[in-house]
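# Architecture at a glance
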Amino acid sequence: MDWLDEVKWDAAGLVPVIAQEQATGDVLMFAWMNREALSRTAELGRAVYFSRSRNKLWFKGEESGHVQQVHEIRMDCDNDVLLLKVTQKGHDPSIACHTGRHSCFFQRHEAGAWRPVEPVLKNPDEIYK
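What counts as what
Residues numbered from 1 in each chain as written. Predicted model: local features only at pLDDT ≥ 70, side-chain atom pairs only at ≥ 80, totals over all residues. Heavy atoms only, no water. Pairing = 2+ DSSP bridges. Helix = DSSP H or I, 4+ residues; strand = E, 2+ residues; numbered from the N terminus. Buried < 20%, exposed > 50% of the residue type's maximum accessible area, 1.4 Å probe, protein only. Arc of directions from axis to C-beta. Contact = heavy atoms within 4.5 Å. Polar contact = N/O pair within 3.5 Å; in protein donor to acceptor, adjacent residues only side chain to side chain.

### Quick word on the pairing of strand S8 (residues 113–116)
Bridge analysis of strand S7 (residues 107–110) against S8 gives 4 bridges, and the strand direction is antiparallel. From the neighbouring strand, Gln107 faces S8, where its bridge partner is Pro116. Here S7 hands over to S8 after 2 residues, with Ala111 in that stretch at a positive phi of 50°.

### Observations concerning unusual backbone geometry
Leaving glycine out, the prevailing phi sign among residues is negative, and the prevailing peptide bond configuration is trans. Geometrically, the link from Asp92 to Pro93 is a cis peptide bond, its omega value of 0° lying close to zero. Along the polypeptide, Pro93 turns up in the loop between strand S6 (82–88) and S7. A positive phi is found at Asn55, a non-glycine position, where the angle reads about 55°. Within the secondary structure layout, Asn55 lies in the loop between strand S3 (48–51) and strand S4 (56–59). The exposure class assigned to Asn55 is exposed, which follows from its relative accessible area of 59%. Not every positive phi belongs to a glycine, and Ala111 is a case in point at roughly 50°. The residue Ala111 is located in the loop between S7 and S8 in this model.

### So, the pairing of strand S5 (residues 68–75)
Relative to S6, S5 runs antiparallel, the two being bridged by 7 bridges. Each bridged residue has a counterpart across the sheet, and for Val70 the counterpart in S6 is Val86. As consecutive antiparallel partners, S5 and S6 are separated by 6 residues, and within that stretch Asn79 has a phi angle of approximately 65°, a positive value.

### Some points on helix H1 (residues 35–44)
Within H1 the residues assigned to the buried category are Ala37, Leu38 and Thr41. Viewed end-on, H1 has its buried residues packed into an arc of 95°, placing them on one side of the element. Against strand S2 (27–33), S3, S4, S5 and S6 lie the buried residues of H1. Where H1 begins, the side chain of Asn34 points an oxygen toward the backbone nitrogen of Glu36, at a separation of 3.3 Å.

Below, the structure is given as structure tokens:
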């Protein structure tokens, strides 16, 4: 059996993926992969996702330069969620979010509202030209 067949793909042929920074344990982002994206990620050692909005493969960092080097690919006990242990490249400190922040999970619920609790490290207008 092909290792890709062990993944429980959803009806659209996708699986959710969490990217976690290997060095700190920080959760950087959530994305989707199809078979080709997962296969290419394993082959290249670089995160390749599937963009649902663009309906195509998305090589993390192809526009921003914020590439994710993949150290491990893990699968959960139900075979329906993947975890990538990565080193975020391209900026120091690392930027994984298109908003110019370290993590996409920069908003915290406080007193009935969502509040940003992580700073913008680089203006997105300077990242995406």
